Amino acid sequence: MEKLVDALCSVDRPESIFVWKRPAQVQDLLRRLATGALPLNHEAFDTEDGRVAC
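As the structure is a prediction and not an experimental result, all values here were calculated from the model.

About the criteria used
- Residues numbered from 1 in each chain as written.
- Predicted model: local features only at pLDDT ≥ 70, side-chain atom pairs only at ≥ 80, totals over all residues.
- Heavy atoms only, no water.
- Helix = DSSP H or I, 4+ residues; strand = E, 2+ residues; numbered from the N terminus.
- Expected span 1.5 Å × (residues − 1).
- Buried < 20%, exposed > 50% of the residue type's maximum accessible area, 1.4 Å probe, protein only.
- Arc of directions from axis to C-beta.
- Contact = heavy atoms within 4.5 Å.
- Salt bridge = Lys/Arg side-chain N within 4 Å of Asp/Glu carboxyl O.

J.: Would you mind going over helix 3 (residues 24-35) with me for this structure?
T.: An α-helical turn contains 3.6 residues, so a residue and the one three or four places further along point in the same direction. Its 12 residues place the ends of helix 3 16 Å apart at the C-alpha level, agreeing with the 16 Å of an ideal helix rising 1.5 Å per residue. Buried within helix 3 are the following residues: Val 26, Leu 29, Leu 30 and Leu 33. Each buried residue of helix 3 sits inside an arc of 95° when the element is viewed along its axis, so together they form one side. Exposed residues pointing more than 90 degrees away from the buried face of helix 3 are listed as Ala 24 and Thr 35. On its buried face, helix 3 sits against helix 1 (2-9), helix 2 (14-21) and helix 4 (42-46). Of the residues flanking the end of helix 3, it is Gly 36, one or two places downstream, whose phi is positive at about 90°.

J.: Is there a simple way to explain the environment of Pro 23 in this structure?
T.: Position of Pro 23 among the secondary structure elements: in the loop between helix 2 and helix 3. A relative accessible area of 40% means that Pro 23 is categorised as partly exposed. Sequence separation between Pro 23 and His 42 is 19 residues; the distance between their C-alpha atoms is 22 Å.

J.: Can you walk me through the pattern of salt bridges in this structure?
T.: Think of it this way: side chains of opposite charge can pair up when their charged atoms draw near. Evaluated as defined, the whole model comprises three salt bridges. Of the charged contacts, one joins Glu 15 and Arg 13 as a salt bridge, the two residues approaching to 3.3 Å between their closest N and O atoms. Taken together, the salt bridges that share partners define one network made up of Asp 28, Arg 32 and Glu 48.

J.: Any chance you could explain the environment of Leu 38 here in plain terms?
T.: Following the sequence through the fold, Leu 38 ends up in the loop between helix 3 and helix 4. Once the C-alpha coordinates of Leu 38 and Glu 48 are considered, the two residues, 10 residues apart in sequence, prove to be 9.6 Å apart.

J.: Please clarify how the environment of Gln 25 should be interpreted in this entry.
T.: Inspection of the secondary structure puts Gln 25 in helix 3. Residue Gln 25 is classed as partly exposed on the basis of its relative accessible area of 44%. Taking the C-alpha atoms as reference points, Gln 25 and Lys 3, separated by 22 residues in sequence, lie 21 Å from one another.

What follows is the structure, given as structure tokens:
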């Protein structure tokens, strides 16, 4: 998770991260990543039904 946090914190326009995090789908995705319910790897993201664009 540290790499994800670093990536989110290093964007050129931090306000865009706040906008990106608003939808419930994104909040659920981040919650599942943080709790370990969804592994942080390509295979887990490939199995997701709805993709969340950055």
